[in-house]
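What follows is each chain in one-letter form.
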Amino acid sequence: QVQLVESGGGLVQPGGSLRLSCVASGNGFNRYTAYWYRQAPGMKRDLVAAITSSGGAHYIDSVKGRFTISRDNANSTLILQMNSLKPEDTAVYYCNHGGLADPLGGFVFWGQGTQVTVSS
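This text gives an overview of the structure that appears in the document. In this text the structure is predicted, and so the values were computed from the model without any measurement. (Residues numbered from 1 in each chain as written. Predicted model: local features only at pLDDT ≥ 70, side-chain atom pairs only at ≥ 80, totals over all residues. Heavy atoms only, no water.)

Some thoughts on the overall build of the chain
The condition that has to hold: A run of H or I in DSSP becomes a helix once it reaches four residues, and a run of E becomes a strand once it reaches two; helices and strands are each numbered from the N terminus. Values of the radius of gyration come from C-alpha atoms, whereas the globule rule sets the reference at 2.2 Å times the count of residues to the power 0.38. To sort residues, take the accessible area from a 1.4 Å probe on protein chains only and compare it with the maximum for the residue type: under 20% means buried, over 50% means exposed, and anything in between is partly exposed. Here, residues are in contact when the closest pair of their heavy atoms is within 4.5 Å. Shrake-Rupley sampling with a 1.4 Å probe provides the accessible areas, and residues are treated as covered by the protein chains on show and by no other component. Asp and Glu are treated as the negative residues and Lys and Arg as the positive ones, with His and the ends of the chain left uncounted. Taken as the charge centre is NZ of Lys, CZ of Arg, CG of Asp or CD of Glu, depending on the residue.
In terms of helices and strands, the chain carries 0 helices and 10 strands. Listed by position from the N terminus, the elements making up the chain come as β-β-β-β-β-β-β-β-β-β. Taking 2.2 N^0.38 as the reference for a compact globule, 120 residues should give roughly 14 Å; the C-alpha atoms of the chain span a radius of gyration of 14 Å, in line with that estimate. Seen through its C-alpha atoms, the chain measures out along the principal axes to roughly 40 × 30 × 25 Å. Relative to its 120 residues, the chain shows a buried fraction of 38%. Considering only contacts in the chain between residues 6 or more positions apart, those separated by 24 or more positions represent 55%. For the chain, the accessible surface area stands at approximately 6100 Å², while carbon and sulfur atoms represent 51% of it. The averaged location of the 7 negative side-chain charges in the chain is 3 Å from the averaged location of its 9 positive side-chain charges.

Notes on the pattern of salt bridges
The condition is simple: By salt bridge we mean one thing: a side-chain nitrogen of Lys or Arg within 4 Å of a carboxyl oxygen of Asp or Glu.
Under the criterion given, the structure shown has 4 salt bridges. Between Asp 46 and Lys 44 there is a salt bridge, with the nearest N and O atoms lying 2.3 Å from each other. Of the residues examined, Asp 46 reaches a relative accessible area of 32% and is grouped as partly exposed. For Asp 89, the salt bridge identified is with Arg 66, shortest N-O distance 2.8 Å. With Asp 89 in the loop between β8 (77–82) and β9 (91–97) and Arg 66 in the loop between β6 (57–59) and β7 (67–72), this residue pair connects regions lying 23 residues apart in the sequence.

Considering the state of the cysteines
Here, the word disulfide means a covalent bond between the sulfur atoms of two cysteines. Rule in force here: Two cysteine sulfur atoms make up a disulfide if the distance between them is within 2.5 Å.
Inspection of the entire model under this criterion finds 1 disulfide. Through a disulfide, Cys 22 is tied to Cys 95; the S-S separation comes to 1.9 Å. Between Cys 22 and Cys 95 the sulfur-sulfur dihedral comes to about 50°; the bridge is accordingly right-handed. Here the residue Cys 22 occupies a position in strand β3 (residues 18–25), and Cys 95 occupies one in strand β9, the gap between them amounting to 73 residues. Both residues of the pair, Cys 22 and Cys 95, count as buried.

A look at the nonpolar core
Our working definition: Each nonpolar core is a collection of buried residues, namely Ala, Val, Leu, Ile, Met, Phe, Trp, Tyr and Cys, held together in the definition by side-chain atoms within 4.5 Å.
In this structure, Trp 36, Phe 67, Leu 78, Leu 80, Met 82 and Tyr 93 are the most contacted members of the largest nonpolar core, which totals 27 residues. Of all elements in the fold, only β3, β4 (34–39), β5 (46–51), β7, β8, β9 and β10 (114–118) reach the threshold of two or more residues within this core.

Keep in mind these numbers describe shape, not what the thing actually does.
Structure representation (structure tokens):
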């Protein structure tokens with residue numbers, strides 16, 4: 001059974017930190033590049049960071065130096081360490097991986113996401 005379970009979101013003040021986790025089951029998570037996306041209110045879902053199966057990491061410019069993506073393949077877990085958070089980081093955060101990719105460039109399944117709110 002395919003599952004993506006995100007957790008770790010919450011309310012944090014600007015400059016604070018959060019650590020998001022995603023546990024993936026089914027579809028061979030360990031073999032694929034994994035991703036964190038986010039969707040702010042009224043906006044489309046956008047890529048934030050990606051990590052290859054061997055650990056090579058990539059980030060969008062706005063989070064470079066503040067966010068760190070990592071993975072624990074033994075436990076099929078994806079992590080996003082978020083530091084120096086800004087109000088514009090407020091969004092629902094989702095994980096996914098290449099084993100769930102569809103032919104049109106999207107994904108066939110999404111988890112419920114975890115809400116991150118950065119506000120004073």
